[in-house]
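Structural features, examined
Next come the chains, spelled out residue by residue.
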Amino acid sequence: MFSKEESRLLREEFWTSFGKSFPRKWILYDTKIKGFSFKFHFDTKKALVALDLEDDLENRIKYWEKLQSLKAILVSDYISEVIFEEEYFLENGKEISRVYLPLEQKVSIHNKNTWRDVMVFFNETMNQFELFFEEYRDFLES
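Residues numbered from 1 in each chain as written. Predicted model: local features only at pLDDT ≥ 70, side-chain atom pairs only at ≥ 80, totals over all residues. Heavy atoms only, no water.

Our next topic: the packing of aromatic side chains. Counted by the stated rule, this structure contains 25 aromatic pairs. Plain terms: the ring middles of Tyr88 and Tyr100 are 5.6 Å apart, the flat faces sit at 65° to each other, and that makes the pair edge-to-face. In this pair, Tyr88 sits in strand S3 (residues 83–89) while Tyr100 sits in strand S4 (residues 95–102), placing the two residues twelve residues apart along the sequence. Residue Tyr88 is classed as buried on the basis of its relative accessible area, which comes to 15%. Given a relative accessible area of 9%, Tyr100 falls into the buried group. Following the ring pairs from residue to residue traces out a cluster consisting of Phe14, Trp15, Phe18, Phe22, Trp26, Phe40, Phe42, Trp115, Phe121 and Phe122. Over the ring of Trp26 we find Arg24, and its NZ or CZ is 3.9 Å from the ring centre. Between Lys66 and the ring centre of Phe139, over which it is positioned, the NZ or CZ distance is 5.3 Å. (Phe/Tyr/Trp six-rings, centres within 6.5 Å; stacked < 30°, edge-to-face > 60°. Helix = DSSP H or I, 4+ residues; strand = E, 2+ residues; numbered from the N terminus. Buried < 20%, exposed > 50% of the residue type's maximum accessible area, 1.4 Å probe, protein only. Lys NZ or Arg CZ within 6 Å of the ring centre and 35° of its normal.)

Structure (structure tokens):
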């Protein structure tokens, strides 16, 4: 069991190490589309890369429908195992729409032996999400 401070330091060390191992500027929140963002998630149980729609319901529906229309392309050309969840609840209870890919292995941010696998997964998966986004940005923004 780790104290809050030990856990915080491990998290900080992971993200610093990830940035040094894969130095590049990710799009993440800088999509220029309100409520449309990419996220890395890594905790003591899982790791995943996500595209989140968090705006008001009207905008969420608008962008969800556009993503749904591109689903076959995303699956066939970019991320074959991607999961679409129109109603996804965050730990804080907030409802969003999420397109994501979890890492299918047992990992923990508290276990440094799993870090390299997570970093490689993050780099490869987010790169594919960003390639997809850049290719279809104009359609998504319209």
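Let us now look at the environment of Leu53. Take Leu53: it is sitting in strand S2 (residues 47–53). Residues Leu53 and Glu86 lie 33 residues apart in sequence; the distance between their C-alpha atoms is 9.1 Å. With sequence-adjacent residues up to four places away left out, Leu53 is seen in contact with Gly35, Phe36, Arg60, Tyr63, Trp64, Leu67, Ile96 and Ser97. (Contact = heavy atoms within 4.5 Å.)

Of all hydrophobic cores here, the largest spans 40 residues; its most connected members are Phe36, Phe122 and Phe129. Looking at this core, the elements that each hand over two or more residues are helix H1 (4–21), strand S1 (36–42), S2, helix H2 (57–69), helix H3 (71–78), S4 and helix H4 (115–141). Looking at this core, the element that brings in the most residues is H4, giving eleven residues. Not counting residues within four places of it along the chain, the set of residues in contact with Phe129 comprises Phe38, Val49, Ala50, Leu51, Leu74, Ile79, Val82, Val99 and Tyr100. The next biggest cluster of nonpolar side chains, apart from the first, holds six residues, and it includes Leu48, Leu90, Ile96 and Tyr100. (Core = buried A, V, L, I, M, F, W, Y, C linked by side-chain atoms within 4.5 Å.)

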